[in-house]
Amino acid sequence: MALTLAQCVSNVVVTCSRDPVLAQCVASIVVGTQTAWSINLTTGSAQELVDSNGATLAQYLGTTAFTIVDANFSNEHCGTIAFLVLRSSGVYAIMTLEESSWNVKFQFPTTVPFYSPNSATPQLFNASSVIQYPMSITVTTTGSRPLTLNKILYSQMPTEELFIYGSALLFSPDGGNSMFLMDTLQAPLTVTSLESSYASYGYLYLTSDGTMNAGISSFPQSFPIGRAPSNTVALKFDSTEQPYALTWTAAGLARSNINWQAEWAPAILNAATASGAWTGITATCPYSSLYASGPLTPQYTRSATPVAANTATGAGPSTPRVNVQLPPAIYLDYKQSYVFTVDLSPPAGADLASIVMAFSISNPDLIGVLAVRLEIPAQNRVVYTVTVSDLGQYPAQVKPGADPSAAALTIEILKGESCAAAALGPLIVYVGCPPGLLLQVDPIPVSSMTCIDPVAEVPCLYMDADYKPTFSLWDQVTGTATPFQSPVTLTLIAGASATVKAPGLSTGSFAASQIAAINQYSWSPNMNVDLVQLADGRYVFPSGQGVNISWVCLTGSPCAGVTPPFPHPAEYYFSVHVSTIGVATGHSYCLLQSTYPVRLYGLSVDLATSLLATGISLAITVALVLMIAVYQRRKQVRANLMVAPVAEYPIGSGPHATIGRPFGSAGGAAHGGSTRPTSAQSGGSTAPLVGASGGGGDADGGSSSAVAPSTAPTTMPALRPILRARPAIPEDAEDQAMQ
């Protein structure tokens, strides 16, 4: 990756905080003599730094000629950058780009007085470059030196502390608004390297003659702690806050640890006290024991494993018994508080009034500190109860763990400079939404109406029953869940018919332009109080009081007019989005949201679908009735028209032949009536009846014998079956075709 810029590059600056949280703020700038560019580390593109009005640094300063000497990123506010600039008049100044706004902070004088740690005290410059001396401390100055500066550096702690060095070392506790003169070196000596600690108030710096110096930022004073190894290029703190010297050797860079505890040196303080240069500083600690204790629970530390507390133990004239059980950092949500105690005992012969502590926060607009002092004379103890509270001023809702604001709580024991340097380190306080939090819907009670083919992860809801979801805040760090009390909004964002069977419903997402109408026509709040309604139509539900919703599924809703899967009732899948965006103000800084599916069962049918279904059912019923009637009619007609065949034969021959029926045939004697042959008359003669007995016997009377006629009998022709003619019916042809 290569960049072509309009000016020569004098410095490249990247965020380098060792803070495990703030280190997530990754940024990089390239500094030229009059321009600074931000570098996108993903694309490699460069963008000149501008304020909210689009003005560059040069445009902001106008006609003032200047040169950018150095720049550095804040470890407290992500994106805040401090610049050390040199104006054409020879005056150095601190400028910042803070919240997209250029600001001129401190303007240095052109010369500073000589100041030696062995002979004077820090001197405070105000914005008018006037030296101010604390009233209670003796100040000794011996001449002055022109001021040259080449480096600006933020503290590793999340504070506004700034170190600026060159021919002198200066310290600003408030981001460049005011300045302490820590050291002025004799020409041609300069400060070549400086490093501050993340977990303590300590800092180290190296001068060009190889002298190592150390200080505590809460007490703006530095002391020489000896000579550095030859060829030392820098003094550093490692990840365990062990100070060391980085030196060049024949084999390359080498590390030599620095014994801070020994080099801090009671001997140095004793010598300083003996010289009388520091009023009020003693060679012994103002306490003989110190015990600090506060909660180390994951609720505040956001760590599932036990937190390594800032602990130090020891004994001696300058190292009292110390046991500190405080976490290095805590998290606070909206208006949350953290309480800890510091228990001290004075040395032998000292009274309780000699123990005085001071507690200060680097960002008092964000975090409040209240310390209550209690003397217990009977036990020779002084106990401080300290409450650290969020003031509710964090400016936004954020996702869990995102963009926290940080501040450092400084804990000082007055007149305790000779005590162990890191006995009671700072407490880092993060304000925002703690990491590891999830918003979850609670399991919904089983409905009295059980869904067909239930799905475990999709709750089944009966339409005619009120929907009463509750929510829990699930803490992934502690593994616990607590009832969620903040207000929420609920939105139907997707849907699918029962045939989709997709709990995710990704393919059925509603168009953004339809969501408001769909929610209006699908459900309605069923509450005893008036609910706040947002501009987009969503209701704000007070989840702490329980949400109560009725399903309506009016025309225009996707759950209206759903065709039921016969023989089961109609059903529909919805995807519900629950969120605290814009509604949890005054309750939490957390932007929490979750999406879960529901299965709406037992849907009612709308009027159009009901009428259509009724019409179809009626038509089917009428058709069935007609078919049955036609079938029964046909069956009756066929039964009435069907006649059995009858065998008939002629009696006699010639013109006097007679048609007769056999006895017992259908329609004859078998029907219980007399059998009377039909005669064909010709010439008035009548043929004798066959089957008559003695002048007319009845066939039912028993067997009969035929009486031979007086004339000779005629010959009887062969029988031939004759069917009586009957009307033809259409079904006969169908039956024959089927046969």
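Worth saying up front: this structure is predicted, and the values here are computed from it rather than measured.

Thresholds applied
- Residues numbered from 1 in each chain as written.
- Predicted model: local features only at pLDDT ≥ 70, side-chain atom pairs only at ≥ 80, totals over all residues.
- Heavy atoms only, no water.
- Helix = DSSP H or I, 4+ residues; strand = E, 2+ residues; numbered from the N terminus.
- Buried < 20%, exposed > 50% of the residue type's maximum accessible area, 1.4 Å probe, protein only.
- Contact = heavy atoms within 4.5 Å.
- Areas by Shrake-Rupley, 256 points an atom, 1.4 Å probe, with all protein chains shown as cover.
- Disulfide = S-S within 2.5 Å.
- Pairing = 2+ DSSP bridges.
- Axes fitted to C-alpha atoms, helices over the stretch in contact; angles between N-to-C directions.
- Phe/Tyr/Trp six-rings, centres within 6.5 Å; stacked < 30°, edge-to-face > 60°.
- pLDDT = per-residue confidence, 0-100.
- Core = buried A, V, L, I, M, F, W, Y, C linked by side-chain atoms within 4.5 Å.

Scanning the chain for helices and strands turns up 7 helices and 46 strands. Across the 739 residues of the chain, 42% fall into the buried class. Intrachain contacts of the chain at a sequence separation of at least 6 include 60% that bridge at least 24 residues. On the chain, roughly 37000 Å² of surface is accessible, and the fraction owed to carbon and sulfur atoms is 57%.

For the rest of this paragraph, the subject is the state of the cysteines. If you walk through the whole model with that rule in mind, you get 2 disulfides. Between the sulfur atoms of Cys433 and its disulfide partner Cys590 the distance amounts to 2.0 Å. Classification of the bridge connecting Cys433 and Cys590 rests on its S-S torsion, roughly 100°, and on that basis the disulfide is right-handed. Residue Cys433 is located in the loop between strand 32 (427–431) and strand 33 (437–441), and its partner Cys590 is located in the loop between strand 42 (570–579) and strand 43 (593–603); the two are separated by 157 residues in the primary sequence. In this structure, Cys433 and Cys590 share a single accessibility class: buried.

On to unusual backbone geometry. Of the consecutive residues Ala187 and Pro188, the connecting peptide bond is found in the cis state with omega at 5°. Within the element layout of this structure, Pro188 appears in the loop between strand 16 (179–184) and strand 17 (191–196). In the Ramachandran plot, Arg302 falls in the positive-phi region, its phi being about 55° despite a non-glycine side chain. You can call Arg302 buried: its relative accessible area is 11%. If you check the backbone angles, Lys335 has positive phi at about 60° while not being a glycine. Looking at the secondary structure, you find Lys335 in the loop between strand 26 (329–332) and strand 27 (337–345).

Turning our eyes to something else, we now look at the pairing of strand 35 (residues 471–475). Direction of pairing for strand 33 relative to strand 35: antiparallel, over a ladder of 5 bridges. The residue of strand 35 that forms the bridge with Leu438 is Trp474. Judged from the 4 bridges that link them, strand 35 and strand 36 (residues 480–483) form a sheet pairing that is antiparallel. Its bridge partner being in strand 36, Ser472 is matched across the sheet by Pro483. Between strand 35 and strand 36, which follow one another and run antiparallel, lie 4 residues, and Gly479 among them has a positive phi close to 70°.

Judged by pairing direction, the sheet is mixed, and its 6 strands sit side by side in the order 34-43-42-37-40-39 without closing on themselves. Looking at strand neighbours, the two that pair on one side only are strand 34 (460–462) and strand 39 (532–533), the edges of this open sheet. In the sheet, strand 39 pairs with strand 40 (residues 539–541) via 2 bridges, with the strands oriented antiparallel. Within strand 40, the residue paired with Val532 across the bridge is Val540. Those strands touched by helix 5 (residues 512–522) are strand 37 (488–497) and strand 42, and its axis lies near 90° from that of strand 37.

For the structure shown, the criterion picks out 16 aromatic pairs. A ring pair is formed by Phe163 and Phe171, whose centres lie 5.2 Å apart and whose planes are at 45°; its orientation type is tilted. According to the relative accessible area criterion, Phe163 is buried, its value standing at 1%. Owing to a relative accessible area of 3%, Phe171 belongs among the buried residues under this scheme. Plain terms: the ring middles of Phe510 and Phe574 are 6.4 Å apart, the flat faces sit at 70° to each other, and that makes the pair edge-to-face.

Let us look at the confidence of the model for the chain. The pLDDT averaged across the chain works out to 77; a share of 70% of its residues lies at or above 70. Between the elements of the chain, mean pLDDT differs from a low of 49, seen in strand 46 (residues 720–722), to a high of 95, seen in strand 30 (residues 381–390). The low-confidence segment residues 310–318 (pLDDT under 50) makes 24 contacts with residues lying over four places distant or belonging to another chain. Note on residues 663–710: pLDDT is under 50 here. Beyond four places in sequence and across chains, it has 41 contacts.

Let's shift gears to the nonpolar core. If you look at the biggest cluster of nonpolar residues, it comprises 71 residues, and the most contacted ones within it are Leu290, Phe340, Leu490 and Trp551. The dominant element in this core, judged by the number of residues it contributes, is strand 42, at 5 residues. The residues contacting Leu490, other than those within four sequence positions of it, are Pro469, Phe471, Asn519, Trp523, Tyr539, Phe541, Val547, Ile549, Val576, His577, Val578 and Tyr596. Listed in part, the 18 residues of the second largest apolar core include Phe66, Ile68, Ile81 and Ala93.

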